[in-house]
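# Architecture and fold: a report
Okay, here's what each chain looks like letter by letter:
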Amino acid sequence: MKVLVVEDEPEMLESIERALRQENAVVESAANLQEALDKALIYEYDCILLDVNLPDGSGLELLQELKNNNKSDGVLIISARNSLDDKLEGLNLGADDYLTKPFHFSELIARIRSIVRRKKFDGNALVEIGNIQADVTNQSVSVHHKPVTLNRKEFAILMYLISNKGRLVHKTALAEHVWGDNIDESDNFEFIYSQIKNLRKKMNDLDSGIEIQSIYGVGYKLIES
């Protein structure tokens, strides 16, 4: 799960990042509207946590730009404002949910997971493909209903490929989704090849009913075998 946190209060940002990383999320952040626009219009996110009050503008401007660019990232507005007008405007612009500060981090995580399920898996917490059963909420995988041990990156790769089943996933997009925008600093994709190799072996050895195809020089495609 890849999340962009748009928040200008350092303490709140740090707390949210810590809570998300405890849930094994890849977390990126932006402290103002311009930085948020720069990231949101380039990268894909499972969910964007969006503060309305930003030092250089309104978070609602970001929603409008996402809409103008046909971006379908999930958006959860988080704001100290308890204004019905803000809430309605945000939802009308395409936000998926609205959470007023202060909030419990357990509720924040639950709201994010709900958005991801709706956006990626038609609202289902349990996703089945081939002989695989993947629990989105508990981040666990079974094959033939027997638990399989995957590391965090393997699970993230598998879920991203499942959510794009049958479509070509460019290796750069996969890397950005699983490792974050720090991928820009990497010289090669050896770390992806290694994780894909291990994941593919586990799935093949267990007769998972899926195939992770390599499209030479481009990326990967997951199909049912």
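See the structure shown above.
So, here's what we can say about the structure. It should be emphasised that the depicted structure is a prediction, and the values quoted were computed from it without experimental measurement. (Residues numbered from 1 in each chain as written. Predicted model: local features only at pLDDT ≥ 70, side-chain atom pairs only at ≥ 80, totals over all residues. Heavy atoms only, no water.)

Here Thr 149 lies in the loop between strand E11 (146-148) and helix H6 (152-163). When its relative accessible area of 67% is taken as the criterion, Thr 149 is described as exposed. Those residues in contact with Thr 149 that sit more than four places away from it in its chain are Glu 154 and Lys 202. (Helix = DSSP H or I, 4+ residues; strand = E, 2+ residues; numbered from the N terminus. Buried < 20%, exposed > 50% of the residue type's maximum accessible area, 1.4 Å probe, protein only. Contact = heavy atoms within 4.5 Å.)

With that out of the way, let us pick up the sheet that holds strand E14 (residues 219-224). In a beta sheet, neighbouring strands pair by backbone hydrogen bonds and run either parallel or antiparallel. Spatially, three strands are ordered E12-E14-E13 in an open sheet, and the strand pairing comes out antiparallel. Both outer strands of the open sheet, strand E12 (169-170) and strand E13 (210-215), are each paired with one neighbouring strand and no more. Contacts between H6 and the sheet are confined to E12, E13 and E14, with E14 contributing the most and set at about 70° to the helix. (Pairing = 2+ DSSP bridges. Axes fitted to C-alpha atoms, helices over the stretch in contact; angles between N-to-C directions.)

On inspection of all chains with the given rule, the structure shows two aromatic pairs. Judged by centre distance (5.9 Å) and plane angle (90°), the rings of Phe 103 and Phe 105 are edge-to-face. In this structure Phe 105 comes out as partly exposed when scored by relative accessible area, which is 31%. Between the aromatic rings of Trp 179 and Phe 191, the centroid separation amounts to 4.8 Å while the plane-to-plane angle is 70°, which identifies the pairing as edge-to-face. With Trp 179 in helix H7 (residues 171-179) and Phe 191 in helix H8 (residues 190-205), the pair connects residues that are twelve residues apart, well separated along the chain. A cation over a ring is seen here: Lys 2 above Tyr 45, with NZ or CZ 4.9 Å from the ring centre. (Phe/Tyr/Trp six-rings, centres within 6.5 Å; stacked < 30°, edge-to-face > 60°. Lys NZ or Arg CZ within 6 Å of the ring centre and 35° of its normal.)

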